[in-house]
There are 2 protein chains.
Amino acid sequence: MIMKDITPQQNKVLNCIKVYIKETGFPPTRSDICKEMGFRSPNSAETHLRALEKKGFISIASGASRGILVIDEEKGFYEETAETDSYPIIGLVAAGSPTLASENIEKQVPCPPNFFGSSFDYFLRVKGLSMKDAGIMEDDLIAVQKTHDVKNGDIVVARIDDEVTVKYFSKPSSDKIVLEPANDDFSDIEVDLRSEEFFLEGKYIGLIREN
Amino acid sequence: MIMKDITPQQNKVLNCIKVYIKETGFPPTRSDICKEMGFRSPNSAETHLRALEKKGFISIASGASRGILVIDEEKGFYEETAETDSYPIIGLVAAGSPTLASENIEKQVPCPPNFFGSSFDYFLRVKGLSMKDAGIMEDDLIAVQKTHDVKNGDIVVARIDDEVTVKYFSKPSSDKIVLEPANDDFSDIEVDLRSEEFFLEGKYIGLIREN
DNA sequence: TATTATACTGTATATATATTCAGTATAATA
DNA sequence: TATTATACTGAATATATATACAGTATAATA
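Before going into details, it helps to say that this report is about the structure given with it.

Along any regular strand, the residues point their side chains to alternate faces of the sheet. Residue and element names in this part refer to chain B. Inspection of the sheet shows strand 8 (residues 163-173) paired to strand 9 (residues 176-180) by four bridges, in the antiparallel sense. The residue bridging Phe169 from the neighbouring strand is Leu179, located in strand 9. Turn length for the strand 8-strand 9 hairpin, with the two strands adjacent in sequence and antiparallel, is two residues. Two strands pair when backbone bridges link them, and strand 9 and strand 10 (residues 189-192) are joined in this way by four bridges, in the antiparallel orientation. Bridged to Lys176 within strand 10 is Asp192.

Below you can see the structure in the form of structure tokens.
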């Protein structure tokens, strides 16, 4: 992205915004910027904000108070080589809950983005022992990549009627999916796509066990 | 810092705030929380916020819009130490090699130091399936803490005559150590400390599987 | 030279937002 | 049993805030 030249004064305003966020945890109002910068009119802040927005340094959420989002140029680069990203741990609630809803997030954990070779989107805490023979035990964290690109034999995270499960995936025919556990005590789950709802949450990428 | 117990619902609200900030860059209003949580009254959000404040999870800037600051217990720690350390992956070479010699280092991988709760010193690449029933599979990386402080039942990394092995540890008497596999196809290893050399490399702390 | 961008003051206002008050209901606790 | 914490609905309101409008002034373009 090409960012037009920022003027010294606009840079001051931009920095003042960054400092404000760092200190308070939320962005400033026009009035706050005025106080920091010594302006007497909120419109001084407003016009600076519009200029910064036009030049691509910030985005402004219309109508929202404190709706300033600093678009940090370095963030992209930073994130590529960065030490860690933060990934949510999602509890595998037995049934009835939308899987990735924020309320199911146990916590965020730092982890290098390329930790498992492939990229991934979240950690899922495993319940049950249906994948025991694949070395996936209760309370393990599996790194899940949100994707629909899965092959027969992949371990996937699937949802059938709000019930989330981790199993081997295979699709023997166009309207049938078989989810196979890695534990003789469990049976295969056969899904008839003509009559049943099936949603593929993602693909198993790696595993972490905290002992 | 002692934080009083958070209720499940309060945790939902807290997570919803965190997600909102992550997605928009600024904290939600009471109304925003209502939308996310499905409340019909802004006072529902308000009371939850006050409860979260009372319990020390957030602070609220009086009078300010979106004045919610998430006091992430882990954040301070997180931000300070979030830079990953570099840990060596050591190949579990069958025999004849001093374990931690540099020639056995496959590569260095970045990982947050507190990734497994306890600190650890290196990763060991597992060979064989002797710990299969404990969910430790071939080529898994186990995080090992160099220590001699192990209890019966711990999984340890031990060396007997230059041979390195991962097993359950138990010490039934002062001159006897038993290393027990988690796989019926393998037998216990009994070490007589009066006649055999035994070296405890460390303790199993956690596990990573790259798929 | 006319135009545009920058850099402000000052006033006004619709609305976004925090916050209080009045209730209802349930479960836990003393 | 009374009390407190939790978990809400619903309405009301003071004010915090974005944002538009009317100006002034300077420097840099076209």
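One pass over the full model with this rule turns up zero disulfides over all chains. Lacking any disulfide linkage, Cys16 of chain B is separated from the closest cysteine sulfur, that of Cys34 of chain B, by 9.3 Å.

A word on the protein's contact with DNA strand D. The local shell around DNA strand D holds 24 residues, among which Gly63 and Arg66 of chain A together with Gln9, Ser41 and Ser44 of chain B are the closest. Of what DNA strand D places within 4 Å of the protein, 75% of the atoms are sugar or phosphate. Contact distances for DNA strand D include 3.2 Å between a base nitrogen and a side-chain N or O atom of Asn43 of chain A. Elements supplying a minimum of two residues to the surface near DNA strand D: helix 3 (42-54) of chain A together with helix 1 (8-24) and helix 3 (42-54) of chain B. Sort the elements by how many residues they give to the surface near DNA strand D and helix 3 of chain A lands first, with four residues. Grouping the amino acids of the surface near DNA strand D by side-chain chemistry returns four nonpolar, 14 polar and six charged.

Among the nonpolar cores identified, the biggest contains 33 residues, and Leu124, Ile136 and Ile142 of chain A together with Leu124, Ile136, Ile142 and Val157 of chain B are the most heavily contacted of them. Setting aside chain neighbours within four positions, we find Ile142 of chain A in contact with Tyr122, Phe123, Leu124, Val126, Ile136, Val157, Val166, Tyr204, Gly206 and Leu207 of chain A. Ranked by size, the runner-up nonpolar core spans 24 residues in total, among them Cys111, Leu141 and Ala143 of chain A together with Phe120 of chain B.

Criteria and thresholds
- Residues numbered from 1 in each chain as written.
- Chains lettered and ligands numbered in written order.
- Predicted model: local features only at pLDDT ≥ 70, side-chain atom pairs only at ≥ 80, totals over all residues.
- Heavy atoms only, no water.
- Pairing = 2+ DSSP bridges.
- Helix = DSSP H or I, 4+ residues; strand = E, 2+ residues; numbered from the N terminus.
- Disulfide = S-S within 2.5 Å.
- Near = heavy atom within 4 Å.
- Polar contact = N/O pair within 3.5 Å; in protein donor to acceptor, adjacent residues only side chain to side chain.
- Nonpolar A, V, L, I, M, F, W, Y, C, P; charged D, E, K, R; others polar.
- Core = buried A, V, L, I, M, F, W, Y, C linked by side-chain atoms within 4.5 Å.
- Buried < 20%, exposed > 50% of the residue type's maximum accessible area, 1.4 Å probe, protein only.
- Contact = heavy atoms within 4.5 Å.

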